[in-house]
Amino acid sequence: MIRDEQGRDRFIQENYQSVLAVPYDIPIIGYGNHIVNTLRIWDAEAINTISLDSFDKGDYGKAVEQENLARTICEVLYPNDNHYAGKELRLKQQYFFVSASVQRAVKKYMEKHTDIRQLPEKVCFQLNDTHPTVTTAELMRILLDEYYLSWEEAWEITGKACAYTNHTIMSEALEKWPIDLFSRLLPRIYQIIEEINRRFINEIRGIYPGNQDKIVKMAVLYNGQVRMAHLAIICSFSVNGVAKLHTEILKNQELKDFYQLYPDKFNNKTNGITARRFLLHGNPLLAEWVTKRIGNGWITDLSQINRLYPYIEDDECLKEFMEIKYRNKVRLSEYIKLHNNIDVDPDSIFDIQVKRLHEYKRQLLNILHIMHLYNLLKKNPGMEFTKRTFVFGAKASAGYSRAKAIIKLINSVAEVINRDESIEDKIKVVFIENYRVSNAELIFAAADVSEQISTASKEASGTGNMKFMLNGALTLGTMDGANIEIVEEVGSENAFIFGLSASEVIAYELNGSYNPRDIYDTDEDIRLVVDQLVNGMYSGEDKELFREIYHSLLEAKGGDRADQYFILKDFRSYEEAQKRVEMAYGNKNKWAKAALLNTARCGKFSSDRTIEEYVRDIWKLKKVRITV
Ligand SMILES: *Cc1c(COP(=O)(O)O)cnc(C)c1O
């Protein structure tokens, strides 16, 4: 720090790495109107391709350092889903993208305005998860160091210009940077965060005198870490969750102390999806049929899709609707034949779970239940059974070894069951490789049953659940995330709900009284499938393949409780819900009504509705009507 000629404190950064941020503007063309917005993305370029100075001194390492940094900032994508890795490069990426964006936003504002203090009237930084949270301190830095505002002025502007969306309550997903890493990489930003933290703790001391516990629970800097979610909350005027239940859990459990301090900041914005992709583009047969029945207004105003409602009493309509479902099942069957070389029957129930692989999403519950069904069929070949095609699609992030083991298990079970002629193709199991938006469109359109079976309280919202609903699949799920709001729209008689509630899960987590061993010891069928993980039935030569999964269900390890996602606890309830699915599918007319009802009631889940709520409640923008 030095003092300049005007007597102001100046912070000088030394020995830094620098890269040049180069903007690329991608046009985003509005549907059926004349609006083209721009999505700005940034590339990183080395400032001097080869540092001649370093090169002359023979320091070749340093010469290429900046080039390597620039390349890795943009080329390395961390593939984690709901998991924090804490890598140095990741923090460099976050700061690079944030700094480029915030610097540019402030400069652009000052091109048309004179008073930096009015910035929040034109600019809002919506922090989408904690990943861009360093925005708060970067804006403070610009206001303090480049516009020479006082701390109080800068703080007021920042607090009016930032808003935060929380996406998860799972502790392993929360970003907590080690202070030594953070302060070494971003010394000036860290200084500002220290001051934010110091003032915040003083505020807490004033409000809750003598209550050290509040400081421990709420501080930004604690235990050698920078807690990014706390920074985001303290610096923002709005904090929102992404489904009703999720926001309630934030207010009453995870962020309770912050909610008590700032009740007015908290609000809900239930996620949504775009029917332009997941119906109009992904399911052209159904899209055309919907338009034939109710006109094309649904494409830009999905609430109009409820005009399909009266048609659930029209048998001709139901027939057409289910004929389209059948043709979409044929389309997916062809994809499966081509990519997996498996024959599946489009007349069977298409029961589908596609989503990132994560233990809380419980693909393991689904495959264990399939193993159980297979055991039943082997024991009673003549039992009543409706043909099922179970489809999975899931990517595991690099390094998540248990997730990879679960994918291996699904594929191994598929191999054994699919080639067993004695069960006469009553069960087929398909694992679709490289699950992504392009093949997702084929999958949603073909689904009868939408598997949304996360441990209650763990899935903040989910959006796959909405894409299935839009395409006329019935939800088989827990009362978690936006499933609850889907059931509110369709009625519990048109979904298959099972399992522990969020409050039951949270109570077990608090009192620690759940012991999966009790279930294993007393329930023969469950014990059999759990044992089949290690008896060689699915692991071929390598008996140890699934041992780690087996142990995770029965034994605590490294701070994780045994069966921490309550798979054995919910198993029987899930099995019973699956029986209800089979019963319901037997009544073709009733199933068709429920399927069409799902499509007709999905209007709420349009992302257009979600965005309008952000616009109205958080960004407070005036609506401009464009007439063409
Ligand atoms: C919608 C979607 C997701 C999110 O699915 P969830 O079931 O909500 O986890 C993930 N991947 C792809 C390709 C999607 O289209």
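Residues numbered from 1 in each chain as written. Predicted model: local features only at pLDDT ≥ 70, side-chain atom pairs only at ≥ 80, totals over all residues. Heavy atoms only, no water.

Engineer: Hey, could you run me through the side chain of His246 in this one?
Structural biologist: As for its placement among the helices and strands, His246 is situated in helix H11 (residues 244-254). Judged by its relative accessible area of 4%, His246 is buried. There is a polar contact of 3.0 Å between the side chain of His246 and the side chain of Asn166. Apart from residues lying up to four places away in sequence, His246 is in contact with Asn166, His167, Thr168, Ile169, Gly241 and Ala460. (Helix = DSSP H or I, 4+ residues; strand = E, 2+ residues; numbered from the N terminus. Buried < 20%, exposed > 50% of the residue type's maximum accessible area, 1.4 Å probe, protein only. Polar contact = N/O pair within 3.5 Å; in protein donor to acceptor, adjacent residues only side chain to side chain. Contact = heavy atoms within 4.5 Å.)

Engineer: Looking at this structure, I do not really get the domain arrangement of the chain. What am I missing?
Structural biologist: Put simply, an interface is often sized by how much accessible area is lost when its parts join up. Split into domains, the chain comes out as domain 1 (116-268) and domain 2 (275-501 + 565-608). Between the C-alpha centres of domain 1 and domain 2 the distance comes to 39 Å. Counting residues at the interface gives 11 residues for domain 1 and 15 residues for domain 2. When the two sides are added together, the surface that domain 1 and domain 2 hide from each other amounts to roughly 860 Å², 63% of it contributed by carbon and sulfur. A salt bridge links Glu488 to Lys244, with the nearest nitrogen and oxygen atoms 3.0 Å apart. Where domain 1 meets domain 2, there are three residue pairs in polar contact (both at pLDDT 80 or more). (Domains from an automatic or database assignment. Buried area = accessible area lost by both parts, 1.4 Å probe. Salt bridge = Lys/Arg side-chain N within 4 Å of Asp/Glu carboxyl O.)

Engineer: Please explain the sheet that holds strand E7 (residues 176-178) as it appears in this structure.
Structural biologist: In any sheet, the strands associate via hydrogen bonds between backbone groups, in a parallel or an antiparallel arrangement. Spatial strand order, E7-E9-E8: three strands in an open sheet with antiparallel pairing. A strand with exactly one partner marks an edge of an open sheet, and here the two such strands are E7 and strand E8 (221-222). With two bridges joining them, E8 and strand E9 (residues 225-227) adopt antiparallel strand pairing. By the bridge assignment, Leu221 is partnered in E9 with Val226. Those strands touched by helix H10 (residues 228-235) are E7 and E9, and its axis lies near 45 degrees from that of E9. (Pairing = 2+ DSSP bridges. Axes fitted to C-alpha atoms, helices over the stretch in contact; angles between N-to-C directions.)

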